[in-house]
Amino acid sequence: RRAASRDRPLWAKMRSMKAIAGRILEVLKSYPTSKTMPSRVLERKLGEDKAALAKALNHLLQEHKIQCYHVKDEDGHKTLHYKLGELKLKHLSSEELLVYQIIEQSNDRGIWTRDIKLRSNLQQPAIAKILKTLESRALIKSVKWVTNKNRKVYMLMEVEPSREITGGAWYTDNEMDEELVHAAKKICLKFVEKTFKATGRRATVGDVGAHVRGTQIIKTEMKDDEIRAVLKVLVYDGKLDEYRAAGAEDEDEDGLEYAPALCKPPKGLPEHLVEMLEVGWLVRSGEKRPESTKRGEDGSVTPSRLKRLFSEEEERAE
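A brief report on the enclosed structure follows.

Quick notes on the rules
Residues numbered from 1 in each chain as written. Predicted model: local features only at pLDDT ≥ 70, side-chain atom pairs only at ≥ 80, totals over all residues. Heavy atoms only, no water. Core = buried A, V, L, I, M, F, W, Y, C linked by side-chain atoms within 4.5 Å. Buried < 20%, exposed > 50% of the residue type's maximum accessible area, 1.4 Å probe, protein only. Helix = DSSP H or I, 4+ residues; strand = E, 2+ residues; numbered from the N terminus. Contact = heavy atoms within 4.5 Å. Pairing = 2+ DSSP bridges. Axes fitted to C-alpha atoms, helices over the stretch in contact; angles between N-to-C directions. Parallel < 35°, antiparallel > 145°, perpendicular 65-115°, else oblique. Nonpolar A, V, L, I, M, F, W, Y, C, P; charged D, E, K, R; others polar.

## Structural notes on the nonpolar core
- Formed by 24 residues in total, the largest nonpolar core has its most connected members in Val99, Ile103, Ile116, Leu131, Leu134 and Ile140.
- Of all the elements in the fold, those that place two or more residues in this core are helix H5 (94-105), helix H7 (124-136), strand S4 (140-145) and strand S5 (148-156).
- Per element, the largest residue contribution to this core is 5 residues, and it comes from H5.
- Excluding anything up to four places from it in sequence, leucine 134 contacts Leu92, Glu96, Val99, Tyr100, Leu139 and Ile140.

Given below as structure tokens:
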């Protein structure tokens, strides 16, 4: 068969290669567009000779009808994966396509130029030129990290950056939106206080989040993680107390509940007096301090702890 194959005319070989290429495209079309097909799966589906299959794949790659990726498997070994190409990539050079694919694999976290250089083995001047070309064609974009404005990463134009990069709802154009934070704190606090007063029930993050989104006062989309951060700030401000629901595990953030603080320090009180006032009030009232707000190393308010606080205050007075 191999001898017969070598004796076949060129036009017959080309027709055979194009037939295999057509089958490759049909197989890839049937695969989910969000996934890449491992080469071993493609080989198994087609059942073609590896040499003939390799020629057809190279032909499709040159025509930009398919894309090729190196993907690590469970054992850490790199294997070839394929997916259908995109028309917008048709006129890219092989190096430009390589950089595009590296950026594509970074998803919503983006990738530094340094990492592009390591993965592509291209020199920095070449990478800079390619990035400029891809940006001019609106295929990729650069995004600055909100926590480090000198850190710029690249991702595909249509990808929404992760909240870790943008700072989420609290940042607008890489700047902290203090008015938004103040409004969120006010709405959350008012809801927790109103809920507790009306029903005696503590509010969960889900309760508060549903209320905030339902009021539509805040136009920015607020995730539960961002609502949780607001409630934590209100706890640190001494305006709310945090409790763990019965049966909830220690590491379970969803098992936390919130209620108005039992003891609210007066406005303008020096920070070093806040803890003493809370401890003293609890001693006089006989109330038990919520688990999450105890200050002792073992979570308890001890006489020695109270004595040390008063000693520290006397030293400040002197």
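## Section: the pairing of S5
- As paired strands, S4 and S5 are joined by 6 bridges and run antiparallel to one another. Opposite serine 142, over in S5, you have tyrosine 154 as the bridge partner.
- Counted along the chain from S4 to the antiparallel partner S5, the turn is 2 residues long.

## What to know about the sheet that holds strand S9 (residues 240-244)
- Pairing within the open sheet is antiparallel, and its 3 strands lie in the order S8-S10-S9. If you trace the sheet from one side to the other, it starts and ends with strand S8 (203-204) and S9, each paired once.
- For S9 and strand S10 (residues 256-260), the ladder comprises 5 bridges, and the chain directions are antiparallel. In the sheet register, glutamate 242 faces S10, and the bridge partner there is tyrosine 258.

## Observations regarding unusual backbone geometry
- Phi is positive for asparagine 107, which is not a glycine, with a value near 55°.
- Mapped onto the fold, asparagine 107 is located in the loop between H5 and helix H6 (113-120).
- You can call asparagine 107 partly exposed: its relative accessible area is 48%.
- The phi angle at alanine 138 is positive, at roughly 60°, despite the residue not being glycine.
- Its location among the elements puts alanine 138 in the loop between H7 and S4.

## What about the environment of leucine 231?
- Inspection of the secondary structure puts leucine 231 in helix H11 (residues 224-236).
- Here leucine 231 falls in the buried class, since its relative accessible area comes to 0%.
- Distance from leucine 231 to valine 192, taken between C-alpha atoms, is 9.6 Å for residues 39 residues apart in sequence.
- Residues contacting leucine 231, with those up to four places away along its chain left out, are Cys188, Val192, Val205, Val208, Leu240 and Tyr258.

## A short note on the packing of helix H10 (residues 205-215) against H11
- Running from N to C, H10 and H11 cross one another at 105°; their axes reach a closest spacing of 9 Å. As far as their axial angle goes, H11 and H10 are roughly perpendicular. Residues Val205, Val208, Gly209, Val212 and Arg213 of H10 touch H11, and the partners they reach there are Asp224, Ile227, Arg228 and Leu231.
- Looking at the contact of H10 with H11 residue by residue, the class counts come to 5 nonpolar, 1 polar and 3 charged.

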